[in-house]
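These are the residues of each chain, in order.
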Amino acid sequence: MPENSNFSIETGADLVPFWRRFPSFFIYPLQAGTLLRLAAYSIFGGLVMAISGIFGSALEYIVWAAFFQYALIVLCRTANGQFDEPDGMEDKKDGSIAQVLRQLGMIGIMGMLESMLNRNFGDIGGGLGWLLTGLLTPACIMIIATHRSLLQALNPA
């Protein structure tokens, strides 16, 4: 296992199989802190959209980056079997700006792949690109979240 991995043998005994935890996946966003954060991101994002110009666009990117950062913290925690809401955003390792940039880079590369297949092979290539990106993107996101490597996420092996 890579040395920057969050997983350990000691915590493995405490993990509950996902089929027993499946109902809690739907309850997670209803926790008080999580619900308040999501509402704040939504309200602030809506207000920022009313601001025009470069300043408004910059604020939109900041709101999206903050949201992605929180989403990555939640993803890393749930991947490690922690289904309680995070106490704060002080953990620089999970959900750092570098993690957000890796995720955005991966999304951009997947978009370019789909666009290239569509442009070169028409609708069939576009459909194949859509299928590939739809199947690969969740796995790439998890690899980036757990291993913190864009190159590992984009490696087809």
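Residues numbered from 1 in each chain as written. Predicted model: local features only at pLDDT ≥ 70, side-chain atom pairs only at ≥ 80, totals over all residues. Heavy atoms only, no water.

**What to know about the overall build of the chain**
So, point 1. Tallying secondary structure elements over the chain gives six helices and zero strands in all.
So, point 2. Each helix and strand of the chain, placed in order from N terminus to C terminus, yields the pattern α-α-α-α-α-α.
So, point 3. Counting all 157 residues of the chain, 28% fall into the buried class.
So, point 4. Looking at the chain alone, contacts between residues at least 24 apart form 62% of all its contacts between residues at least 6 apart. (Helix = DSSP H or I, 4+ residues; strand = E, 2+ residues; numbered from the N terminus. Buried < 20%, exposed > 50% of the residue type's maximum accessible area, 1.4 Å probe, protein only. Contact = heavy atoms within 4.5 Å.)

**Considerations on a nonpolar patch on the surface**
So, point 1. A cluster of nonpolar side chains, contributed by L128, W130, L131, L132, L135 and L136, occupies part of the molecular surface with about 610 Å² of accessible area.
So, point 2. When you line up the elements, L128 lands in helix 5 (residues 97-147). (Patch = residues over 30% accessible without salt bridge, like charges linked within 9 Å, V, L, I, M, F, W, Y side chains within 5 Å. Areas by Shrake-Rupley, 256 points an atom, 1.4 Å probe, with all protein chains shown as cover. Salt bridge = Lys/Arg side-chain N within 4 Å of Asp/Glu carboxyl O.)

**What about the packing of aromatic side chains?**
So, point 1. Counted according to the given criterion, the structure contains five aromatic pairs.
So, point 2. Judged by centre distance (5.7 Å) and plane angle (80°), the rings of Y41 and F67 are edge-to-face. Residue Y41 is found in helix 3 (residues 32-49), and its partner F67 is found in helix 4 (residues 53-79); the two are separated by 26 residues along the sequence.
So, point 3. For F67, a relative accessible area of 27% corresponds to the partly exposed category.
So, point 4. Measuring from ring centre to ring centre gives 6.4 Å for F67 and F68, while their planes differ by 45°; the resulting arrangement is tilted. (Phe/Tyr/Trp six-rings, centres within 6.5 Å; stacked < 30°, edge-to-face > 60°.)

**Section: the packing of helix 4 against helix 5**
So, point 1. Interaxial distance between helix 4 and helix 5 falls to 7 Å at its minimum, and their mutual angle equals 70°. Classed by the angle they form, the pair helix 4 and helix 5 counts as roughly perpendicular. Between helix 4, through A65, F68, Q69, L72, L75, C76 and A79, and helix 5, the contact on the second element is made entirely by Q99, V100, Q103, L104, I141, M142, A145 and T146.
So, point 2. The residue inventory of the contact of helix 4 with helix 5, partitioned by class, reads 11 nonpolar, four polar and no charged. (Axes fitted to C-alpha atoms, helices over the stretch in contact; angles between N-to-C directions. Parallel < 35°, antiparallel > 145°, perpendicular 65-115°, else oblique. Nonpolar A, V, L, I, M, F, W, Y, C, P; charged D, E, K, R; others polar.)

**So, the environment of F44**
So, point 1. By secondary structure assignment, the location of F44 is in helix 3.
So, point 2. Through-space distance from the C-alpha of F44 to that of E60 is 9.2 Å; in sequence the pair is 16 residues apart.

**Points about helix 5**
So, point 1. Between its first and last C-alpha, helix 5 extends only 15 Å over 51 residues, short of the 75 Å set by a 1.5 Å rise per residue.
So, point 2. Along helix 5, the helix axis deviates most sharply at G122, where the bend reaches about 155°.
So, point 3. With its phi angle positive at about 55°, R148 sits one or two positions after the end of helix 5. (Expected span 1.5 Å × (residues − 1). Bend = angle between axes of the 7 residues up to and from the residue.)

**With respect to unusual backbone geometry**
So, point 1. At R148, a residue that is not glycine, the phi angle is positive and equals roughly 55°.
So, point 2. Inspection of the secondary structure assignment puts R148 in the loop between helix 5 and helix 6 (150-154).

**Remarks on the environment of L101**
So, point 1. Considering the arrangement of structural elements, one finds L101 in helix 5.
So, point 2. Residue L101 is classed as exposed on the basis of its relative accessible area of 56%.
So, point 3. Sequence spacing of L101 and A65 is 36 residues, and the spatial spacing of their C-alpha atoms is 8.7 Å.

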